[in-house]
Amino acid sequence: ERNRRIINQYYSRKDPRANGYFSPIKMASQPQAPAPKESSQDLSKMTSTQIRSKMHERVVANLKADLTMQMKQIQTKLDVLEKIADKTEQQKMNILFSLWDRDSDGKLNWSEVAQGLKKMLEALDPSVDEDELLGAAVEAATKGMIKYGVAEDSQSGEHVISKEQFDQLLKLVCGKLEAPFELVAEVIVLSYVGLSEEQMLADAVENMALTLVSSDVSEEITVQKRFRAILENPFMIGLFKKFDRSQDMKIDFKELVLGLEKFRQNSLNSFEESVRVALDVLLLFDEDCTRTLSYVQFARFILTFCAACGMPFEELAPILLAIELEPLDESASLRNLKSAALSEIMVQMEKADKVIDTLNDLRCELLFKLFDSDGDGRVSFKELALGLRKFNPSGGLAETATVSAQLMLTFDDDGNETLDPVEFANFLNEFCEAVGADFDELADYLVIACISGSDDAAESALLDAIQPA
């Protein structure tokens, strides 16, 4: 009934806001004529054929009534499409805004935007799951409020969207969906036409649920809007540019250490401490594991740094920006020494990343189990040598034993004369690099070679007697 009033209000010539759009449309309603009921005495006097005929008549009558209702609803929607076809874009925007503005207060809160977006997405693609639609609508409404919302009350923290901001939001949504506004406008209007009682009840329950969580969402919107303002702060932009010496729009480990060292320039071990802090920073803020910080990740780190210092960003940022990051008071040899140390750390970090990737590969786990013949969770010297023999069965046993001993000395980091899964993954990476490939390219070959090969009893007995030097 509310949707009918809104649409008629804009379609009415008498409504000054309608600017003489067109006459009201009466919504089709379910026929209310009650079907006649036969008493038990009447039914007892009928034969089975008469009862069956009576039931058929009733089924046909109900079917006709349903079809008539559907035809009226379809005709109503066709009339609506015909009447809005020649309207201007702004006139259509006015209609859509009124449909979303459930409480008719002239502005949209978060729950109204979320429910409006959900109905729009549902109408555009009815095959999508209900929960998935609601999740997408809630996320889009939150982002829309962060970008276009204005705080209505500083105490409540609720954000609203005005008519002008709604126009921008809807155009942005149409661009994201790659759908023309004319199509989206027609779909939205039709989604409010001819709703059943069940649909209206579901909308009311959904609106109530969104309203209940809107206070929590308002807090998140407030935080995100403040963070967005900090991202646009010239001090934050200046700090990022100072750290980003290569001007590639990301801060790598070396740039982060050199910048942090100047922040800790009064410390005796500023370089060593900066290396440790930089590793911690990348661990905490490098969410995509690229060993670099994007601008957003860098901003989060700086805000955390300010909180640790007990000062707001607005006060500490000018002080940080005034610090000269260039090492003017260092000798060239010291700068080169630091640069070489940082480069070596970066190489070790890249190797660690490759080891982790290899360790997470199921083929590495299978290879480890194939080498670990006794299943004790470690690869001994003998097991390593027998495994390598399968890769090169034509070579001599003495040569394989020598290589195995060298590998054990190289990759046995804890000195227990066995290789654990991490040490074994490191060995596999080095083995693949030695033949000019990476593990992903050779993994299948290595697995097949291990499975197809077999241990020689004589060689196994001989290796038992050999101890690595």
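Residues numbered from 1 in each chain as written. Predicted model: local features only at pLDDT ≥ 70, side-chain atom pairs only at ≥ 80, totals over all residues. Heavy atoms only, no water.

(A) Just the nonpolar core, in detail. Membership of the largest hydrophobic core comes to 35 residues, with the highest contact counts inside it found for Trp 100, Val 113, Phe 166 and Leu 170. Secondary structure elements with two or more residues in this core: helix H4 (89-100), helix H5 (110-124), helix H6 (130-148), helix H7 (163-177), helix H8 (181-191) and helix H9 (197-231). Non-local contacts of Leu 170, meaning those with residues more than four positions away in its chain, are made with Met 93, Leu 96, Trp 100, Met 120, Phe 181 and Ile 188. (Core = buried A, V, L, I, M, F, W, Y, C linked by side-chain atoms within 4.5 Å. Buried < 20%, exposed > 50% of the residue type's maximum accessible area, 1.4 Å probe, protein only. Helix = DSSP H or I, 4+ residues; strand = E, 2+ residues; numbered from the N terminus. Contact = heavy atoms within 4.5 Å.)

(B) Spatial organisation of the state of the cysteines. Applying the stated criterion across every chain, the model contains zero disulfides. For Cys 432, which is in no disulfide, the shortest distance to another cysteine sulfur is to Cys 364 and amounts to 9.8 Å. The class of Cys 432 is buried, set by a relative accessible area of 0%. (Disulfide = S-S within 2.5 Å.)

(C) Highlighting the pattern of salt bridges. In this structure the tally under the stated criterion is 16 salt bridges. Look at the salt bridges and you will find they share partners, linking Lys 118, Glu 122, Glu 130 and Glu 206 into a network. (Salt bridge = Lys/Arg side-chain N within 4 Å of Asp/Glu carboxyl O.)

(D) Quick look at the packing of H4 against H8. At their nearest, the axes of H4 and H8 sit 10 Å apart, and the two run at 35 degrees to each other. Note on packing geometry: the crossing formed by H4 with H8 is left-handed. Of the residues in H8, those touching H4 at Glu 89, Lys 92, Met 93, Ile 95, Leu 96, Leu 99 and Trp 100 are Phe 181, Glu 182, Ala 185, Ile 188 and Val 189. Tallied by class, the residues present in the contact of H4 with H8 amount to nine nonpolar, no polar and three charged. (Axes fitted to C-alpha atoms, helices over the stretch in contact; angles between N-to-C directions. Left-handed = near helix turned anticlockwise from the far one by under 90°. Nonpolar A, V, L, I, M, F, W, Y, C, P; charged D, E, K, R; others polar.)

(E) Expanded view of the confidence of the model for the protein chain. Scored by pLDDT, the protein chain has a mean of 78; 78% of the residues are at 70 or more. Long-range and interchain partners of residues 13-32, a stretch whose pLDDT sits below 50, account for 43 contacts in this model, where long-range means more than four residues apart. (pLDDT = per-residue confidence, 0-100.)

(F) Region of interest: H5. When the terminal C-alpha atoms of H5 are compared, their 21 Å separation across 15 residues agrees well with the 21 Å that a helix rising 1.5 Å per residue should span. H5 sits mainly inside the fold: 12 of its 15 residues count as buried. Residues of H5 that are buried include every one of Trp 110, Ser 111, Glu 112, Val 113, Ala 114, Gln 115, Gly 116, Leu 117, Lys 118, Lys 119, Met 120 and Leu 121, and no others. For H5, the elements touching its buried residues are H4, H6, strand S2 (159-160), H7, H8 and H9. (Expected span 1.5 Å × (residues − 1).)

(G) Looking closely at the packing of H5 against H6. Running from N to C, H5 and H6 point in directions that differ by 135 degrees, and their axes come no closer than 8 Å. On the basis of their axis angle, the class for H5 and H6 is oblique. Our pair here, H5 against H6, has a crossing hand that is right-handed. For the pair H5 and H6, contact is made by Trp 110, Val 113, Ala 114, Leu 117, Lys 118, Leu 121 and Glu 122 and by Glu 130, Leu 133, Leu 134, Ala 136, Ala 137, Val 138, Ala 140, Ala 141, Thr 142 and Met 145, respectively. Taken together, the residues that form the contact of H5 with H6 break down as 13 nonpolar, one polar and three charged. (Parallel < 35°, antiparallel > 145°, perpendicular 65-115°, else oblique.)

(H) Geometry of a negative patch on the surface. There is a patch of like negative charges on the surface, built from Asp 125, Asp 129, Asp 131 and Glu 132. Residue placement: Asp 131 occurs in helix H6. The class of Asp 131 is exposed, set by a relative accessible area of 60%. (Patch = residues over 30% accessible without salt bridge, like charges linked within 9 Å, V, L, I, M, F, W, Y side chains within 5 Å. Areas by Shrake-Rupley, 256 points an atom, 1.4 Å probe, with all protein chains shown as cover. Lys, Arg positive; Asp, Glu negative; His and termini not counted. Charge placed at Lys NZ, Arg CZ, Asp CG, Glu CD.)

(I) Looking closely at unusual backbone geometry. At Arg 291, a position not held by glycine, the phi torsion is positive, near 60 degrees. Among the structural elements, Arg 291 can be located in the loop between helix H12 (270-285) and strand S4 (292-293). Even without being a glycine, Glu 417 presents a positive backbone phi close to 60 degrees. Mapped onto the fold, Glu 417 is located in the loop between helix H18 (397-411) and helix H19 (421-434).

(J) Geometry of the environment of Lys 72. When you line up the elements, Lys 72 lands in helix H3 (residues 48-84). Residue Lys 72 is classed as partly exposed on the basis of its relative accessible area, which comes to 42%.

(K) Summary view of helix H20 (residues 439-452). Between its first and last C-alpha atoms H20 spans 19 Å; for 14 residues at 1.5 Å apiece the expected length is 20 Å, and the two agree. For H20, the full list of buried residues reads Phe 439, Ala 443, Leu 446, Val 447, Ala 449 and Cys 450.

(L) Expanded view of the side chain of Lys 163. With respect to the secondary-structure elements, Lys 163 resides in helix H7. A residue is classified by how much of its surface remains accessible, and Lys 163, at 16% relative accessible area, is buried. A distance of 2.8 Å separates polar atoms of two side chains, one belonging to Lys 163 and the other to Asp 167. Beyond its immediate stretch of four places on either side in the chain, Lys 163 contacts Gln 90, Met 93, Asn 94 and Phe 97. (Polar contact = N/O pair within 3.5 Å; in protein donor to acceptor, adjacent residues only side chain to side chain.)

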